[in-house]
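# Secondary and tertiary structure notes
Given next are the chains, with one letter for each unit.
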Amino acid sequence: MSALNPVCHRFLQRKEKQMIYFDNAATTMMKPDCVIRAVTQAMTSLGNAGRGAHKATLDASRLIYETRKKLAGLFHVKDPSRIAFTANGTESLNIAIKGILRKGCHVITTSAEHNSVLRPLYEMEAEGVELTILSCDSKGYVRPEQFAQAIRPATRAIICTHGSNLTGNLMDIRRIGETARRRQLLFCVDAAQTAGMFPIDVEDMNIDILCFTGHKALHGPQGTGGIYVGERACVRPLKTGGSGILTYSRTHPDRMPEALEAGTLNGHGLAGLHAALDYLRETGMDIIRKQAMELMWQFYHGVREIPDIRIYGDFDTTDRCPVVSLNLGTYDSASVSDELYLSYGIATRPGGHCAPLMHRALGTREQGAVRFSFSHFNTEQEVEAAVKALWEMYLPE
């Protein structure tokens, strides 16, 4: 048996320290300065895009159009109008799932999925959609060949994550996309953890629908996200209303992007995303990913020899997200995460991570896991502090 260092819990006695933030898979808290400046400026200058012909609204329309173009370039989308803006990845996934599935069709997904995929699919299942959930192995992987084996005559789509927010494992979406295209199925990808961190080419990867958020590896503000809908996909709008065009029509416009953009867009947030995309291009995605991965490997090698530590996911490959999820012995993940923050000022994410089926596959449904997720804004010194903290927290009997 082992015990956590009793110095933990002494929050009131410790001196306040600057927080060390390792919760970047939830949101990248540290934003580039240019993003902050862009949002601040937009708050005092932008009107409502598409709702007039004066300077404030035209400036907003231009900025949103330019942001759309930058995203199209990032994802290798030929027509920027195929990208619609949303509030986040969850909204994008709800639009996709509820917009392409109908009673009687069949859809394939995996046990690696976030609740943003699972819960809408469960709702559709209750309405008569057949659902197949492919199982993960002990390291949290789904083999690409499992998708082909699960296809039925009624199969309409394959929906899966690109990168797990719990294990950091990447799906081979190129191979899965090839299977989907060969069998004339729609392929929908949840890129919440990978957009801005890994190259995504919707044409090369045969992606029909790409759902992403702006506040994670894209380094944009919260409240921004988007959905790419390829020409092979017809997505019913999740909501209808004001669009800025065709005011006297009783039906919502069916052309992209207005078809999926009812209501006022988050122009202020998109101004920040616009600046974030410039930062991503100027800094280099490969450099950003390399720095985050080096910190992840530094952490992994520093903690893997702690007695009774359990680390989840596949670390035999370098092709993964900068995420390390772990448990110390049988201690509840929330207790460990609280100790890290209250005694060391280290912010992590414990619990279920909105990934219930993955926790079931890993055997951590009750305990949860403590997730460390890294950004290029973190430092080697912060990683050293986290490694030291975990070693100090674990004491042999």
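As a starting point, this report considers the structure included with it. (Residues numbered from 1 in each chain as written. Predicted model: local features only at pLDDT ≥ 70, side-chain atom pairs only at ≥ 80, totals over all residues. Heavy atoms only, no water.)

## Here's the deal with the state of the cysteines
If you walk through the whole model with that rule in mind, you get zero disulfides. No disulfide involves C354; its nearest neighbouring cysteine sulfur is the one of C321, lying 16 Å away. Judged by its relative accessible area of 32%, C354 falls in the partly exposed class. (Disulfide = S-S within 2.5 Å. Buried < 20%, exposed > 50% of the residue type's maximum accessible area, 1.4 Å probe, protein only.)

## Concerning the sheet that holds strand 9 (residues 225–229)
Paired through backbone hydrogen bonds, the strands of a sheet run either parallel or antiparallel to each other. Read from one edge of the open sheet, seven strands run 3-9-8-7-6-4-5, paired in mixed fashion. Of all the strands in the sheet, the pair left with one neighbour each is strand 3 (83–86) and strand 5 (130–134). Shown here is a sheet whose adjacent strand axes are inclined to one another by a mean of 15°, direction ignored. Bridge count for strand 7 (residues 186–190) against strand 8 (residues 209–213) is three bridges, and the pairing is parallel. Across the sheet, the residue bridging to D190 is C211, located in strand 8. Across the sheet, helix 3 (residues 89–100) lies against strand 3, strand 6 (155–161), strand 7, strand 8 and strand 9, angled at about 155° from strand 8, the strand it touches most. (Pairing = 2+ DSSP bridges. Helix = DSSP H or I, 4+ residues; strand = E, 2+ residues; numbered from the N terminus. Axes fitted to C-alpha atoms, helices over the stretch in contact; angles between N-to-C directions. Contact = heavy atoms within 4.5 Å.)

## Examining helix 11 (residues 380–393)
In a regular helix each residue adds 1.5 Å, so 14 residues correspond to 20 Å; helix 11 covers 20 Å between its end C-alpha atoms and thus fits that length. Three or more residues of helix 11 are buried, namely E382, V383, A386, V387, A389, L390 and M393. Projected onto a plane normal to the axis of helix 11, the buried residues spread over an arc of 160° and lie on a single side. In helix 11, those exposed residues whose orientation departs by more than 90 degrees from the buried face are Q381 and K388. (Expected span 1.5 Å × (residues − 1). Arc of directions from axis to C-beta.)

## Looking at the side chain of N115
Here N115 is to be found in helix 4 (residues 115–126). Overall, N115 belongs to the buried group, its relative accessible area being 12%. Discounting residues that sit within four places of it in the chain, N115 has contacts with P120, C354 and P356.

## Concerning the packing of helix 9 (residues 333–344) against helix 11
With their axes 11 Å apart at the nearest point, helix 9 and helix 11 run at an angle of 115° to one another. Pair helix 9 / helix 11 crosses with right-handed handedness. Together, V336, E339, L340 and Y344 of helix 9 and A389, L390, E392 and M393 of helix 11 make up the contact between the two elements. Its residues placed into classes, the contact of helix 9 with helix 11 shows six nonpolar, no polar and two charged. (Left-handed = near helix turned anticlockwise from the far one by under 90°. Nonpolar A, V, L, I, M, F, W, Y, C, P; charged D, E, K, R; others polar.)

## Here we look at the pairing of strand 4 (residues 106–110)
Burial analysis of strand 4 places five of its five residues in the buried class, which makes it a mostly covered element. Where burial is concerned, the two faces of strand 4 agree: the one with H106, I108 and T110 and the one with V107 and T109 are both buried. Relative to strand 5, strand 4 runs parallel, the two being bridged by five bridges. Following the sheet pairing, T109 is matched in strand 5 by I133. In this region the chain leaves strand 4, passes through helix 4 and returns to the parallel neighbour strand 5; the handedness of that crossover is right-handed. Of the strand pairs in this sheet, strand 4 and strand 6 are connected by three bridges, and their pairing is parallel. (Right-handed = clockwise from strand over helix to strand, strands pointing away.)

## A word on the pattern of salt bridges
Enumeration over the complete set of coordinates arrives at 21 salt bridges. Residue D316 pairs with K139 through a salt bridge whose shortest N-O separation is 2.9 Å. A residue pair is termed long-range when its members are at least 10 positions apart, and D316 in the loop between strand 10 (309–312) and strand 11 (323–328) and K139 in the loop between strand 5 and helix 5 (145–150) qualify at 177 residues. For D316, a relative accessible area of 68% puts it in the exposed group. K139 gets classed as partly exposed once you look at its relative accessible area, which sits at 34%. Residue E294 pairs with K290 through a salt bridge whose shortest N-O separation is 2.5 Å. Pair noted here: E294 and K290 are both in helix 8 (residues 285–303), with a separation of four residues, about one helical turn. (Salt bridge = Lys/Arg side-chain N within 4 Å of Asp/Glu carboxyl O.)

## Here's the deal with the packing of aromatic side chains
Tallying each qualifying case throughout the model produces nine aromatic pairs. Ring centres of F22 and F374 lie 5.0 Å apart, and the angle between their planes is 55°; this geometry places the pair in the tilted category. Within this pair, whereas F22 is found in the loop between strand 2 (20–21) and helix 1 (33–43), its partner F374 is found in the loop between strand 13 (370–373) and helix 11, the two being separated by 352 residues in sequence. Lying over the aromatic face of F315, R320 brings its terminal NZ or CZ to 3.8 Å of the ring centre. (Phe/Tyr/Trp six-rings, centres within 6.5 Å; stacked < 30°, edge-to-face > 60°. Lys NZ or Arg CZ within 6 Å of the ring centre and 35° of its normal.)

## Details of the nonpolar core
Ranked by size, the top nonpolar core spans 54 residues in total, and within it L71, F75, F187, I207, L210 and L218 carry the most contacts. Per-element accounting of this core gives the leading share, seven residues, to helix 2 (residues 55–75). Among the nonpolar cores identified, the runner-up in size contains 29 residues, and L295, V370, A386 and L390 belong to it. (Core = buried A, V, L, I, M, F, W, Y, C linked by side-chain atoms within 4.5 Å.)

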